[in-house]
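Per-entry structural report
Given next are the chains, with one letter for each unit.
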Amino acid sequence: MKAAFLAVALVAAMGAAAAAQTQQIHANAIIPNPLPSAPIERWSGAPGRTTVSLTTPDGATLRGWAYDGTDRAMPTVVFFNRNGTTIRDNDATYRRIAAIGPSVVVYDYRGYGFSTGLPGVHFMQEDAVKIVQAATRDAGARGVVVFGHSLGTAVAAYAAAHTPVAGVILAAPFASAEEELPIVLQAGGIPAAAAAAMTPATDAIDAFGVATFAGQFQAPLLILHGTADTEVPIAQAREVYAASVSTPKRLVELEGVDHQSVVLAPDARVAIKRFVSSLERQ
C-alpha cells in the first residue's frame, strides 16, 4: 500500500502545505498512474494454468488465471494482489501456492493488466464479491478461501464480509486508513506540517477498514505478518486479529520477514497448508 499511496501523497502534500484547511485523501488516490498493464496476447493458458474471465454488470471484463492444485480435496484459494501489480507479475507466486495443495484462482483488478473497466477501490471490492461467488459455484462442496496481500487484504476481507467463504487468509493487513496514512506519509518524506493537514476521507475509511471487516465475518481466519514489515507495521495485524470474531483464528508473526516476502516465506507456506488442510476436514 505504501508505494500506491506515495506518488499521490507527495502531490497532495504540496497542496496541503499551502492550504490552511485539512486535505482529505480519497480511496482512489492509491490507484497508480499510469495503470499497470499487460499485453492481451500474453493472457493465455500454460501448463497447470487456464484462463478465466468474468463480465461485471457495468460491462467491465475481468480476466485471470486458474491453477491446478495438487490436492483436489482442498478448498479453492481466490487470491487478491497487492496494489500496482498484475497477475502476469506474480505467476510464480500462484504456482507456489497451488503446489501446497489448493487450486488457485486470481484476476487482474479492473483497469489493471488484462482486465478492462474503470479502476476504483470500491469497484475492486464489489468485483471481488462476484469473483468469489463464481469461484464458489465452481468449487462446489470444497468451498473457497479468500487470500489477500497488502491492499488485497481490504478486498479479500470485504468479500468475506459480504458473501460466505470457507476461510480467510490476510497477509500483511493494515487495520485502517487512519492508522496507515500517517505511516505512508512519514515514509514518503512528507513534511510534518503538511502531513498534519492530511486525513483519510470517508470513502477511504470505509474502503480500508480491514479491522472493521474482520468483525463482520466468522469464517476461520489466518493472518500472516512479518516482524520486519516497515510498510505496514505488525501492530496493525494484531489489531485486525483482536477485532476478528472468527472461530478459529490465528496470527502468525514471521520473524525477520518484510512486506513483500510475507506470502512465500517458508513458515507462511507451512501455515497456509495447515490452515487450508484444516478447512478440508471441517
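In the block above lies the structure referred to throughout.
The rules behind the values
- Residues numbered from 1 in each chain as written.
- Predicted model: local features only at pLDDT ≥ 70, side-chain atom pairs only at ≥ 80, totals over all residues.
- Heavy atoms only, no water.
- Salt bridge = Lys/Arg side-chain N within 4 Å of Asp/Glu carboxyl O.
- Helix = DSSP H or I, 4+ residues; strand = E, 2+ residues; numbered from the N terminus.
- Buried < 20%, exposed > 50% of the residue type's maximum accessible area, 1.4 Å probe, protein only.
- Right-handed = clockwise from strand over helix to strand, strands pointing away.
- Pairing = 2+ DSSP bridges.

1. Topic: the pattern of salt bridges
Summed over the entire model, instances satisfying the criterion amount to 5 salt bridges. Here D127 ties to R110 by a salt bridge, and the two come within 2.7 Å at their closest N and O atoms. Of the two residues, D127 sits in helix α3 (residues 121–139) while R110 sits in the loop between β5 (104–107) and α3, which places them 17 residues apart along the sequence. One exposure class covers both D127 and R110, and it is buried. Among the salt bridges present, the one from R238 reaches E253, with a minimum N-O distance of 2.9 Å. Of this pair, R238 sits in helix α9 (residues 234–243) while E253 sits in strand β10 (residues 249–254), and the two are 15 residues apart along the sequence. For E253, a relative accessible area of 37% puts it in the partly exposed group.

2. A look at the pairing of strand β7 (residues 167–171)
Among the 5 residues that make up β7, 5 are buried, leaving the element largely enclosed by the rest of the structure. On β7, burial covers both faces: G167, I169 and A171 on one face and V168 and L170 on the other are all buried. In this view, the connection linking strand β6 (residues 144–149) to its parallel neighbour β7 by way of helix α4 (residues 151–162) has right-handed handedness. As defined by bridge partners, β7 adjoins strand β9 (residues 221–226) across 4 bridges and the pair is classed as parallel. By the bridge assignment, L170 is partnered in β9 with I223.

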